[in-house]
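Analysis of the macromolecular model
This is what each chain is made of:
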Amino acid sequence: MISRNPCLARLKAGYLFPEIARRRREFAAAHPEDPARPETRIISLGVGNTTEPILPHINGGLIEGARRLGKAETYSGYTDEGLLELREGISRVFYGGAFSPAEIFISDGAKCDIGRLQLLFGGGTPVVVQDPSYPVYVDGSVLIGAAGPWGDSGYGGITYLPCTAENGYFPDLDRLPENALFYFCSPNNPTGAAATRRQLEELISAAVRKGCLIVFDAAYAEYIQDPQLPKTIFEIPGSRECAVEVNSFSKSAGFTGVRLGWTVAPKELKYAGGESVNADWGRIAGTVFNGASNIAQAGGIAALREEGLREIRELCGFYLGNAKLIREVLERGGISCVGGDNSPYVWARFPGRDSWDVFAGILEKCRVVTTPGSGFGPSGQSFIRFSAFGRRADVEEACARLEKFLLS
Ligand SMILES: *Cc1c(COP(=O)(O)O)cnc(C)c1O
């Protein structure tokens, strides 16, 4: 019989969220919801999935995109790296026109691009992640075999750089290995911390010094409110020679179910042998990916018009309003937190406690589902991630229960 890819046995993700769901089911079975008592309803602040409808102008773009496919005059098939109008629009709106359309590749989402990106480097490249981190960086590396040699306790070949309260959630770059692929996410999932310009300058200078390539995940860039904080790594001088950026409309325009993202691969970016990363990324996109949905792209084009950008600000502002409620209630309860101001995640610290125990306590006492920080890496131990993605009434109810719990 055919044998299994041994890398699959090394995967740890696919563990965290199913385990949360299992515990939620178990709790719900033991403590059934009573429709007559709203306080028995379980509320989730646990997942990074959007809940609000797509706003009218952007939704109109999607509808128009579907209509165009139904008429001979406007029908379109494969669009390879993406519609020119969308690539130009992304460069203009998010990068001040600094990139040519040939440097912007439209995709079906940032996570999907992250999963394909490692094909550029193969299994032999050392991988570095912030700890805690978004699980696909590690698991994408594991799948391509980039994580060996294996330690008994997990991913021997992946370097975890702790991001903790002690270092302001920014890693010690002296520990960055040479010639490595470094996944860096800001504003961060799960910590909610947004890197400053100074920190990103240090990141780029370390990457150049050590011959590393940065994969900069800017999925939450539109949540940044502080005008001093960079929204893209390409605001930092020197970044074109050592970084690619992935981003998407998922969290900014509510496109988690629509699927539309992009990767910027600058022309200046070269491998050790001098070959072009941009040219290879184009080849990979054409080989194992045939482009994003034309309907989604029409939605993206609408999102980049003035009215669409206003809707993006409105939607991010709504979730940030949820985050503020969550953070305020935690802080009133004496819990120290980071995030929630330039990101939709609040990262709450419970010193000396096990993340899963705190998770269980909040589920039991408040009937609120959260995410245990330890599920994102060893440095997430003793933290809980609160997600601001939720309906306002649910978030208010969850906050009222949390307040009662924390102040009792
Ligand atoms: C949600 C999220 C993404 C977006 O993924 P898509 O595939 O574009 O939906 C990317 N990176 C991080 C860190 C995220 O949390």
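Further up the page is the structure itself.
Here is a short report on the structure shown in this document. Bear in mind the structure is a predicted one, so any value in this text is a computation, not a measurement.

A word on the overall build of the protein. Within the protein, the regular secondary structure consists of 12 helices and 13 strands. Here the C-alpha radius of gyration of the protein, 21 Å, is about what a compact globule of 408 residues would show, namely 22 Å. Summarising its shape, the C-alpha atoms of the protein cover approximately 60 × 55 × 55 Å along the three principal directions. Within the span of the protein, comprising 408 residues, buried residues form 52% of the whole. Considering only contacts in the protein between residues 6 or more positions apart, those separated by 24 or more positions represent 73%. As presented, the protein carries roughly 17,600 Å² of accessible surface, and 52% of it is formed by carbon and sulfur atoms.

The environment of the ligand is made up of 14 residues, and the closest members are D217, Y220, S250, K251 and R259. Within the contact set of the ligand, an oxygen atom lies 2.9 Å away from a backbone nitrogen or oxygen of K111. With respect to the ligand, the side chain of S248 contributes an N or O atom lying 2.8 Å from an oxygen atom. A total of 390 Å² of accessible area belongs to the ligand in isolation, and the protein chains cover 95% of it. Among the secondary structure elements, those contributing two or more residues to the shell around the ligand are α4 (110-117) and α7 (250-253). Classifying every residue of the shell around the ligand gives 6 nonpolar, 4 polar and 4 charged.

It is worth spelling out the packing of helix α11 (residues 355-366) against helix α12 (residues 392-407) at this point. The N-to-C vectors of α11 and α12 enclose an angle of 110°; their axes lie 10 Å apart at closest approach. Classified by the angle between their axes, α11 and α12 sit roughly perpendicular to one another. When α11 is examined against α12, the residues G361, I362, K365 and C366 are found in contact with a partner set consisting of R401, L402 and F405.

Rules of the game
Residues numbered from 1 in each chain as written. Predicted model: local features only at pLDDT ≥ 70, side-chain atom pairs only at ≥ 80, totals over all residues. Heavy atoms only, no water. Helix = DSSP H or I, 4+ residues; strand = E, 2+ residues; numbered from the N terminus. Rg over C-alpha atoms; globule rule 2.2 N^0.38 Å. Buried < 20%, exposed > 50% of the residue type's maximum accessible area, 1.4 Å probe, protein only. Contact = heavy atoms within 4.5 Å. Areas by Shrake-Rupley, 256 points an atom, 1.4 Å probe, with all protein chains shown as cover. Near = heavy atom within 4 Å. Polar contact = N/O pair within 3.5 Å; in protein donor to acceptor, adjacent residues only side chain to side chain. Nonpolar A, V, L, I, M, F, W, Y, C, P; charged D, E, K, R; others polar. Axes fitted to C-alpha atoms, helices over the stretch in contact; angles between N-to-C directions. Parallel < 35°, antiparallel > 145°, perpendicular 65-115°, else oblique.

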